[in-house]
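Fold and geometry: a report
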Amino acid sequence: MNTNIDIICVGEVIVDFIGDQITSIENNSNFQRFLGGSPTNVALNTTRLGLNTILIATGGNDNLGEFILDTLNDNKVNTNFYRNSSSNTTSVIYISKSIITPDFKAFRNADSEIIESQLPDELLLNSKIFHTTCFALSKDPARSTILKKAIKAKELGLQLSIDINFSEKIWNDRQEALFVLTEFLSLDPLVKLSDDDCFRLFNEYKSDEYIFDYFHNLGVSTICLTKGKNGVKLSNVNSGILFQEALKLDHIEDVTGAGDAFWSGFLFAILNKMDFDECITIAQKLASIKLQNIGTLPENIDILKEITEV
């Protein structure tokens, strides 16, 4: 099979307005504008790492939509199947600048308008990884499109991937979320989630053992659990549990997008046939760069060199 597309990133494209000060959203008077949305960040990051990544997303036919498309094109992200909604405005999120879990307020519009014509079978035939998010699955028509095309992708031999970035602010029906996730997880995607995601998803603290058992029982082979300053744990049905300490950083500028940077590095390493320990190391290096910068990854450094040099 000719697979010259490395990753299909399907899901939310958003404009992030991140506060200038470490305080609540309400108390921030100034916000900086950045391209956002988890799969959008992964598309941007992996393109910068030299992968051929295509973004399947929908923005608004407005000035913010123009900003999104200009930023994607400036960063050479493949936008052949990106579309602008004819009826909805661009989705935006206001985010508190934070060195821990940030607060946010979302105003969703066009991001959920992902339709089947954006994911033709010919595209799936030509790809290796199909990546999406819990956020993207939270609303139709994106949900129905993603589930249908994920099943097709699995049939065609693609590796599926999901960031379970659940939030009750985005998906207020937790039981529905668990039901929809069960359907997607039965396709054995690579799963990325954080301690915070787990707490929000289950609405209570669960042990790492519970979390790994829960997802393995749904048919998932590999779960990567990020634990902030407490490191990273990965559970695989064949190789067991791996753990790495968190990288020590003297300064954290902002945590928004760090999980996306982590998963970008992880998928990059998977495609380069590295073992899981190496995948986590690469992922942590890329996340650490993001943690020390606000917004997207800095443009003035060679991120590929930064994460691959010993």
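Provided above is the structure to which this section pertains.
A brief report on the enclosed structure follows. (Residues numbered from 1 in each chain as written. Predicted model: local features only at pLDDT ≥ 70, side-chain atom pairs only at ≥ 80, totals over all residues. Heavy atoms only, no water.)

1. Notes on empty space enclosed by the protein
Under the counting rule described, the total for this entry stands at one cavity of 30 Å³ or more. Put simply, the largest cavity is a space of about 100 Å³. For the lining of the largest cavity, the secondary structure elements donating two or more residues are β2 (14-19), β3 (31-36) and α1 (38-48). Ranked by residue count, the leading element in the lining of the largest cavity is α1, at three residues. Residues of the lining of the largest cavity, tallied by class, amount to six nonpolar, six polar and two charged. (1 Å grid on protein atoms, 1.4 Å probe; cavity = no way out; pocket = protein on both sides within 12 Å on 5 of 7 lines; lining within 4 Å. Points joined across faces, edges and corners; volume = space filled by probe spheres on them. Helix = DSSP H or I, 4+ residues; strand = E, 2+ residues; numbered from the N terminus. Nonpolar A, V, L, I, M, F, W, Y, C, P; charged D, E, K, R; others polar.)

2. Some points on the state of the cysteines
Structurally, a disulfide amounts to a covalent bond that connects the sulfur atoms of two cysteines. On inspection of all chains with the given rule, the structure shows zero disulfides. We note that C134 lacks a disulfide partner, and the nearest cysteine sulfur, in C198, lies 11 Å from it. Cysteine C279 shares no disulfide, and the gap to the nearest cysteine sulfur, in C224, comes to 8.8 Å. On the basis of relative accessibility, which here comes to 0%, the residue C279 falls in the buried class. (Disulfide = S-S within 2.5 Å. Buried < 20%, exposed > 50% of the residue type's maximum accessible area, 1.4 Å probe, protein only.)

3. A look at the sheet that holds strand β9 (residues 127-133)
The pairing of strands in a sheet happens through backbone hydrogen bonds and is either parallel or antiparallel. Reading across the sheet, the eight strands line up as β4-β1-β9-β10-β11-β12-β13-β14 and stay open at both edges, with mixed pairing between neighbours. The open sheet has two edge strands, β4 (53-56) and β14 (240-244), and neither has a second partner. Pairwise comparison of adjacent strand axes, ignoring direction, gives a mean angle of 15° for this sheet. Two elements, strand β13 (residues 232-236) and β14, share five bridges in a ladder whose sense is antiparallel. Considered in β14, the bridge of N236 is made with G240. The sheet strands contacting helix α8 (residues 208-217) are β11 (190-194), β12 (222-226), β13 and β14, and the helix crosses β12 at an angle near 150°. (Pairing = 2+ DSSP bridges. Axes fitted to C-alpha atoms, helices over the stretch in contact; angles between N-to-C directions. Contact = heavy atoms within 4.5 Å.)

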